[in-house]
Each structure stands twice: as structure tokens, then as C-alpha cells.
Amino acid sequence: MRELNEILNQIDGAIGGSSWFVYLLLGTGLFFTIYLKFPQIRYFRFALRVVKGKFDKADDEGDASHFQALATALSGTVGTGNIGGVALAVHLGGPAALFWMLVTAVLGMTTKFVEVTLSHKYREKVGDGISGGPMYYMKKRLNITTKSGKVIKTGYFLGGLFAVATIMSSFGTGNLPQINNIANSVFTTFGVEQWITGAVLAVLLAAVILGGIKRIVKVTEKIVPFMAVVYLIGALSVILYNAGNILPSIIAIFGDLFTGSAAMGGFLGANLAFAFNRGVNRGLFSNEAGQGSAPIAHSAARAHEPVSEGMVAILEPFIDTIIICTITGLVLLSSGAWAKKYENELQYSDIIVFADAYDENNEADRLVVKNHLIQEEPAPLFTGDLNVSEGIIQNPVTVIAAESFAENVRMRLNEKPYTGSISVINGSISGEVDVTITGKSLLHSAPLTTVAFNEGFFGDYGKYIVSIGLILFAFSTAISWSYYGGRATTYLFGTKYIIIYKIVYVAGFFIASFADTTIIWTLANITIALMTIPNLIGILIMHREMKQTVGDYWKDFKLEWPDEKTPE
């Protein structure tokens, strides 16, 4: 497993974790923001009117209302990225990472507007309703015609690549990490075994997705508002309880903006590049702008033209990232949980064993470890056997867990202190002896958000809000992504193969409830990139058509609604 995770990490580093991917993502959003004259600002209020059905027509074609399509798309984006993803970004990049998540969201509002508009414009009727998404505009508009009249089907290739990546991403983003986080959170909070949680929710998932898009939108339009209210009540209870830390938290987000986040507590610090990269990547994972997933849901919306639905999509990153993720970030920062060490079971994948003994209280030693973690300057890692006596490591080494100096590290085997040797290769524990390792370290992902919610008016009951919120967020995400993957399956193979996809999807949902979390998150990063790259290239190529489509919309709108003010 560790070898597989290392391979996946290398792939992720070359694609989604690379600087060029980040610049492509932000650059596309920035280009369209300027090219279309800041539509995320000019059209925002108008989008609210559209989603209320102000300009609907009785003969509009589609399988869902504007609100149902928005709720379905939001249920696909408001998931573990809002609970675990924000915590991971802050854990890795510090408070400054939150700022870059917000920047990603603002630019992402325009990207969503463009990708949804173009996808809705080229949607098609299929046997079970309407099917749309980036693969359809790619197939129809991205082919190359030579001077001799020969058509090179580049659009077919890109559409097929996107559809395959969507199916992969439905597992890597919408399925596997969602149930994995749910099962672990329920086990931590209520003590229910992971496989039991997986089995129960797999049955519920099957009951929903087998009913198709009409049952999916009926579920999501009810569950999304409810889960948002529950989560926000819990979050505000923490923020208001720690009201004195609100201003310092905001200062921390912007204070180290161009230098990176300073060290604090158990957090060793992060430079600008690291905070920037982690913030942007987590921002994309949270709102999925540019990934091309949300356009699949919006393509089902009832509308006689595509631009109005594109405007509805502007609201997604605003709700998902600018509101929910910002509030989650303020919970983490105001509570101080992000920089505290907690006694916990250390995950093998989070552990690095350094060859030398470093002192956390020594500034020079802290700098050596920090530079290694932010990939600026590697430090010597331990390779060999760790000698363990009564659960305590005897070698003069340093154990780093979850990006922090681990304290009180203890090893147990069959509930008893372990005595023997542990093989370590290049700083990584091999896992040949299945010992349980405990200690005091920083937390990340959902466990970090869970302990942060305990620092509010609800006290230790706060963790139940996180668990309930996580279940609702993640389960709704899995529902939406089953639809995305199903539409990609329709594009590639036809509607008759959707049932096979759904069976595999539900089975994978169950199995992932007790799978290794690290590999799942790494896989999610890769599949995000595989969807995003062809979609961003496609919408950039079609930038002129996009501008023309928006212009035509306002001309027609003025003819149909002459008394309405337009924000063009």
C-alpha cells in the first residue's frame, strides 16, 4: 500500500500538485473574469432572481428546476472538502492557505459560469432524459477541420478522455473519500465499526440513485439546506464562543499573505509557495470550479437558453467556499485547534522518521524539519531497524507525525507494549509488524475539525455536529457524483450500461468505508486534474463563442422582458 501511495503521490506531484496546474486553473478564471468584465460581480444579484424562477417559461426543457440543479451541484461540492479539506489546507499551509482558497473561489465563480453555459448549450436528449457536460461541447466544437475539409476528431478524443476521467473521479472524489470520512468520523464519535456504517449507507445510496435524476434532485433540494443550517449553527457556536480570537484569526489569514504562515504552537510554518499551492488545490477540491463536474448537473436544468443556468452556477463557489469554507476556517483558527497537539493514533502514512535527533525547542532544528516538510531542503531520513523496548523507541531519531514533532510516541501490539524491531525505509515505517502507534501530534482533515467544534458553546457535544454534518455533506456528495459518473457512462457506452456503473459505484462505496484514507485522498487529487485539464483547455478555445452567447442572451432578454433592468 505504501509503495502504491508513493507512486500516486509522484503522479499527483507531476499533475495536480504542480505549479503549472495551479497557474492554469487560476489563469483561466482570471482571463474570463477580465474578458467577460467581472460577471461574478455584475450578474450575482440577477442570478438570485433566476434561481427563484423569475424568468422561467412553461415550455422550458429539462429534468430539474434551477434550484434543484443548484442544490444537486452544491451537494456534489459541499462535502468533505468543506470539513476535512479546509482543515487539511490550514494544517499544511497555515492560515494564509485560506486566503488562496478564497481567491480560487472568486475566480472560480467566473469559471463555473463559463463551463456551465457551454455545457448546457450543447446538451443532448437521451433515452432517460437530458444528458450534458463538457464532453458534449468537446465532441461538437473541438474537432479540427483541415484546409482539405478533413475532420480530425480531437473533440471526440477530449470528450472521451473527460468522460473516462469523470467516471474515475466519481470514485476518487465523490465516492471513496466521502464514505471513508463518514465511517471514520462515526467510529471516532459513536464507536460504530466502519464496515457497519458503510453497509447501512450503501443501502440508502442504492435506494436514492437507482431512482434516477428526478429522485436525486428531490433528495438534494431538501438535504442541502438542512445540512447547511445544522453545520452553520455549530460553527457559529465556536466562533462566537471564541469571539476574542476572531480579529487575530482574520489578521493571521492576511498578515502572512506574501511571506507564508509563521510558526505557531505545534505548527512549524509554511512558505508562500506551499501555502499558495495547498490553498488553491484545496479550494478546487472544495468548489470544483473548472473541473467540469457541476455542468453535468446544471445541464439537467429546465431552461430555453444556457446563459441563465450559467449565472445560477455563479452562486456555487460563493456558497461552498466563500461562506462555508471561510466559516470552517474561522472555527479552526479562533479555537486554536489547528496549532495544538492532541493524543491520537498516529497513521503510518503521516509518520516520517528522521535519522538525527532534533529538539523542537531549538530554532535551528525546527528550521531543518520545516524546510524538509515544505520541500525546500531535504534532511537525512532514517533507514534501518528501530529498536523498541516496552513500546518506547530506543534509537536517537526524531519522529514527525502530521507535520509536527510527535511527543510520547508509544507502540503497542495486541493491546500490549511492543518489544522488538520495526523496519524503516527512507523515513517510512514498512508496516511488516502491524503495531499501533500512539502519540501527541497535530491533527488534520476531519479529526481536526471535530476537535475544533468542541471548543464552543456546545462543548464536547460539538463533535456530534461535525459527525452529523459530515454524514450529510459526504452522503449528498456521493449521490450527486453517482449522477455525474452515470452521465459519463451514458456518453461512452449508452444508457443501458448505467445500471452496471451504479452497482459498481455502490459496491465501491461500501468497500471504501474501511480502506486506507491516504491513498483515497491522493487518488482524488489525480482524478481532479484529469478532468480539469481538458475542460479548461476546451473553454479557453471557445472563449469567443462564450462571449457571443452571452451577448445574444441579453439581446433576446431585452425583447422578452423590456421592462427589466439588465446588469450587462
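This text follows the structure it describes.
Not measured: the values here are computed from a predicted model.

Caption draft 1: Spotlight on the packing of aromatic side chains. For the coordinates displayed, the defined rule picks out 30 aromatic pairs. Seen from their ring centres, Phe31 and Tyr35 are 5.2 Å apart, and the 15° between their planes marks the pair as stacked. Linking Phe31 with Tyr35, this pair stays in helix α2 (residues 19-35), spanning four residues, or about one helical turn. Residue classification places Phe31 among the partly exposed residues on the basis of a relative accessible area of 31%.

Caption draft 2: Representation of the environment of Thr117. On the secondary structure map, Thr117 appears in helix α7 (residues 96-121). Between the C-alpha atom of Thr117 and that of Thr549, which follows or precedes it by 432 residues, the distance is 8.6 Å. Setting aside residues up to four positions removed in sequence, Thr117 forms contacts with Pro306, Val307, Gly310, Met546 and Thr549. Polar side-chain contacts of Thr117 include one of 2.7 Å to the backbone oxygen of Phe113.

Caption draft 3: Spotlight on the environment of Val90. Relative to the elements of secondary structure, Val90 occurs in helix α6 (residues 80-93). In sequence terms Val90 and Leu332 are 242 residues apart; their C-alpha atoms lie 8.2 Å from each other.

Caption draft 4: Broad picture of the pairing of strand β7 (residues 384-389). Two elements, β7 and strand β13 (residues 420-425), share five bridges in a ladder whose sense is antiparallel. Paired with Asn387 across the two strands is Ser421, which belongs to β13. Bridging between β7 and strand β8 (residues 392-393) involves two bridges; their strand directions are antiparallel. Bridge pairing links Ser389 to Ile392 in β8. Hairpin connection, β7 to β8: the antiparallel pair is bridged by two residues, and Glu390 has positive phi, about 55°.

Caption draft 5: View of the pairing of strand β11 (residues 407-413). The pairing of β11 with strand β15 (residues 436-441) spans four bridges and is antiparallel. Each bridged residue has a counterpart across the sheet, and for Arg412 the counterpart in β15 is Thr436. Relative to strand β12 (residues 416-417), β11 runs antiparallel, the two sharing two bridges. Bridging from a neighbouring strand, Leu413 pairs with Lys416 of β12. In this antiparallel pair of consecutive strands, β11 and β12, the connection spans two residues, and Asn414 shows a positive phi of 55°.

Caption draft 6: Broad picture of the sheet that holds β11. Strands sit in the order β5-β15-β11-β12 across an open sheet of four strands; the sheet is antiparallel. A strand with exactly one partner marks an edge of an open sheet, and here the two such strands are β5 (342-345) and β12.

Caption draft 7: Focus on the sheet that holds strand β10 (residues 404-405). An order of β6-β9-β10 is seen for the three strands of this open sheet, with the pairing classed as antiparallel. Whereas interior strands pair on both sides, the edge strands pair on one side only; in this sheet they are β6 (351-354) and β10. Across two bridges, the pairing between strand β9 (residues 398-401) and β10 is antiparallel. Residue pairing for β10: Ala401 is matched across the bridge by Ser404.

Caption draft 8: Structural view of the nonpolar core. Counting residues in hydrophobic clusters, the biggest one holds 123 residues, and the most contacted among them are Phe113, Leu205 and Met311. Ranked by residue count, the leading element in this core is helix α19 (residues 462-493), at 14 residues. Excluding its chain neighbours within four sequence positions, the residues that come into contact with Met311 are Tyr43, Phe46, Ala47, Phe113, Tyr553 and Trp554.

Caption draft 9: Inspection of the pattern of salt bridges at higher detail. One pass over the full model with this rule turns up 13 salt bridges. Between Glu560 and Lys57 there is a salt bridge; the shortest N-O distance is 2.8 Å. Taken as a pair, Glu560 in helix α22 (residues 543-560) and Lys57 in the loop between α4 (44-51) and α5 (66-77) lie far apart in primary sequence, 503 residues in all. Given a relative accessible area of 33%, Lys57 falls into the partly exposed group. Ionic pairing is found between Lys121 and Glu545, a salt bridge with its closest N-O pair at 2.9 Å. One end of the pair, Lys121, is in helix α7; the other, Glu545, is in helix α22, and 424 residues separate them in sequence.

About the thresholds
- Residues numbered from 1 in each chain as written.
- Predicted model: local features only at pLDDT ≥ 70, side-chain atom pairs only at ≥ 80, totals over all residues.
- Heavy atoms only, no water.
- Phe/Tyr/Trp six-rings, centres within 6.5 Å; stacked < 30°, edge-to-face > 60°.
- Helix = DSSP H or I, 4+ residues; strand = E, 2+ residues; numbered from the N terminus.
- Buried < 20%, exposed > 50% of the residue type's maximum accessible area, 1.4 Å probe, protein only.
- Contact = heavy atoms within 4.5 Å.
- Polar contact = N/O pair within 3.5 Å; in protein donor to acceptor, adjacent residues only side chain to side chain.
- Pairing = 2+ DSSP bridges.
- Core = buried A, V, L, I, M, F, W, Y, C linked by side-chain atoms within 4.5 Å.
- Salt bridge = Lys/Arg side-chain N within 4 Å of Asp/Glu carboxyl O.

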